[in-house]
Amino acid sequence: MFHLVLTTCFAGILCYASEPDVDYISAERCLQQGAILSGLARAQLKFPRMPQTSRIVCSGIDGSTETVYLGQAGAEMPAFPDDALSLPAID
């Protein structure tokens, strides 16, 4: 089972953090769900022209992790904090 932590930052000034209470059967499914949630967060916050970057972290119960970054082409990678749960969440 894998668990998702998603952090999406807009222009390095606003970050959206999410940790759904859902387990995934594979890292691939977890990463796919993170990409979907990242896209929804971007659409709901209506910042289509701002540089946006998402970090999707999927961790398994065996201690393994997979991290994927999604971002606008050519956008500078913002500095993500180590603890995504310390970021303000936007509902």
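Above: the structure in question.
Undergrad: Requested: an account of the overall build of the protein, with residues and values cited.
TA: Looking only at helices and strands, one finds one helix and five strands in the protein. Reading the protein from its N terminus to its C terminus gives the helix and strand order β-β-β-α-β-β. Pairs at least 24 residues apart make up 59% of the contacts formed inside the protein by residues separated by at least 6 positions. Just so you have it, the protein exposes about 5600 Å², and 54% of that area is on carbon and sulfur atoms.

Undergrad: Give me a nonpolar patch on the surface: which residues, what numbers.
TA: Taken together, the side chains of M1, I25 and I61 define a hydrophobic patch exposed on the protein surface, amounting to about 380 Å² of accessible area. Its place among the elements puts M1 in the segment before β1 (2–10). For M1, a relative accessible area of 47% gives the class partly exposed.

Undergrad: Help me get a handle on the pairing of strand β5 (residues 65–71), residues and values and all.
TA: Bridge count for strand β4 (residues 52–60) against β5 is seven bridges, and the pairing is antiparallel. Bridged to V57 within β5 is T67. Connecting β4 to the antiparallel partner β5 that follows it, the hairpin turn spans four residues, and G63 within it adopts a positive phi of roughly 95 degrees.

Undergrad: Please provide a residue-by-residue account of the side chain of T8, values included.
TA: In this fold, T8 is placed in strand β1. Residue T8 is classed as buried on the basis of its relative accessible area of 0%. Separated by 2.7 Å, the side chains of T8 and S54 make a polar contact. Apart from the residues lying within four places of it in its own chain, the contact partners of T8 are L14, C15, Y16, S38, R42, T53 and S54.

Undergrad: Break down the pairing of strand β2 (residues 14–18) for me, citing the residues and quoting the values.
TA: Where burial is concerned, most of β2 is hidden: four out of the five residues are buried. Across five bridges, β1 lies against β2 in antiparallel orientation. Residue pairing for β2: L6 is matched across the bridge by S18.

Undergrad: Talk me through the state of the cysteines; I want residue IDs and the actual numbers.
TA: Counted by the stated rule, this structure contains one disulfide. One disulfide in the model links C30 with C58; its S-S distance is 2.1 Å. Measuring the twist about the S-S bond at about -95 degrees, one finds the C30-C58 disulfide to be left-handed. Linking C30 in helix α1 (residues 27–45) with C58 in strand β4, this pair joins segments that are 28 residues apart in sequence.

Each value, and the rule that gives it
Residues numbered from 1 in each chain as written. Predicted model: local features only at pLDDT ≥ 70, side-chain atom pairs only at ≥ 80, totals over all residues. Heavy atoms only, no water. Helix = DSSP H or I, 4+ residues; strand = E, 2+ residues; numbered from the N terminus. Contact = heavy atoms within 4.5 Å. Areas by Shrake-Rupley, 256 points an atom, 1.4 Å probe, with all protein chains shown as cover. Patch = residues over 30% accessible without salt bridge, like charges linked within 9 Å, V, L, I, M, F, W, Y side chains within 5 Å. Salt bridge = Lys/Arg side-chain N within 4 Å of Asp/Glu carboxyl O. Buried < 20%, exposed > 50% of the residue type's maximum accessible area, 1.4 Å probe, protein only. Pairing = 2+ DSSP bridges. Polar contact = N/O pair within 3.5 Å; in protein donor to acceptor, adjacent residues only side chain to side chain. Disulfide = S-S within 2.5 Å.

By themselves, these are just geometric observations and shouldn't be taken as functional.
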